[in-house]
Amino acid sequence: MKRLVQAIWPDGQYEDWRLYCFADLASALAFRDHFCGIMFDPKRDRENGLVRGVWRRTGEYKRILDLGPLSVPEILRN
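What comes next is a walk through the structure. Please read all numbers here as calculations on a predicted model, not as lab measurements.

Quick word on the overall build of the protein chain
Across its full length, the protein chain carries two helices and five strands. Moving toward the C terminus, one meets the helices and strands of the protein chain in the order β-β-α-α-β-β-β. Residues classed as buried in the protein chain amount to 18% of the 78 residues present. Summarising the internal contacts of the protein chain: among those between residues at least 6 apart in sequence, 39% fall at separations of at least 24. Accessible surface, the protein chain as shown: approximately 6,200 Å² in total, 55% of it carbon and sulfur.

Side note on the nonpolar core
Of all hydrophobic cores here, the largest spans six residues; its members are V5, A7, W9, W17, L19 and W55. For this core, the elements supplying multiple residues, two or more each, are β1 (2-8) and β2 (14-20).

Quick look at the environment of Y14
Tracing the backbone through its elements, the reader meets Y14 in strand β2. With a relative accessible area of 53%, Y14 lands in the exposed category. Spatially, the C-alpha atoms of Y14 and R57 are 9.2 Å apart, while their sequence positions differ by 43 residues.

Some thoughts on the sheet that holds β1
Strand order in the open sheet formed by three strands is β2-β1-β3, and the pairing between neighbours is mixed. Two strands in the sheet have a free side with no partner beyond their single neighbour: β2 and β3 (54-56). Geometrically, the sheet is characterised by an average inter-axis angle of 40 degrees between neighbouring strands, direction not taken into account.

Considering the side chain of D45
Within the element layout of this structure, D45 appears in helix α2 (residues 42-45). In terms of polar contacts, D45 uses its side chain to reach the side chain of R44, at 2.8 Å. Ignoring sequence-local partners within four residues, the contact set of D45 consists of M39, F40, V54, W55 and R56.

Considerations on the pattern of salt bridges
Under the defined criterion, the tally for this structure stands at two salt bridges. R44 is paired through a salt bridge with D45; the nearest N and O atoms lie 2.8 Å apart. A relative accessible area of 53% places R44 in the exposed class. Classification of D45 as buried rests on a relative accessible area of 5%.

Focus on the pairing of β2
With burial as the criterion, only one face of β2 is covered, namely that bearing E15, W17 and L19; the residues Y14, D16, R18 and Y20 on the opposite face remain uncovered. Of the strand pairs in this sheet, β1 and β2 are connected by seven bridges, and their pairing is antiparallel. Bridge pairing in β2 places L4 opposite R18. Taking the residues that link successive antiparallel strands as the turn, the β1-β2 hairpin has five residues, and the phi of G12 there is positive, at about 95 degrees.

Reading guide: rules and limits
- Residues numbered from 1 in each chain as written.
- Predicted model: local features only at pLDDT ≥ 70, side-chain atom pairs only at ≥ 80, totals over all residues.
- Heavy atoms only, no water.
- Helix = DSSP H or I, 4+ residues; strand = E, 2+ residues; numbered from the N terminus.
- Buried < 20%, exposed > 50% of the residue type's maximum accessible area, 1.4 Å probe, protein only.
- Contact = heavy atoms within 4.5 Å.
- Areas by Shrake-Rupley, 256 points an atom, 1.4 Å probe, with all protein chains shown as cover.
- Core = buried A, V, L, I, M, F, W, Y, C linked by side-chain atoms within 4.5 Å.
- Pairing = 2+ DSSP bridges.
- Axes fitted to C-alpha atoms, helices over the stretch in contact; angles between N-to-C directions.
- Polar contact = N/O pair within 3.5 Å; in protein donor to acceptor, adjacent residues only side chain to side chain.
- Salt bridge = Lys/Arg side-chain N within 4 Å of Asp/Glu carboxyl O.

What is shown is where atoms sit, not what they do.
Here it is, written out as structure tokens:
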């Protein structure tokens, strides 16, 4: 299953991200490893599961231009 969330960093930066949900951890890990993804934990990343549609990110915002075998086309980069 796929869901859309808004990833929000402490400095106010935000982006729309797709979450891919899996029934088992092995499938999630294989997908993450192939696409260099980031694991999402609803209890940690959604304020104990109470906030829907928002992913509270930590650390510094950094725009992702390359993700595994996918990349942002040159024309869409800054």
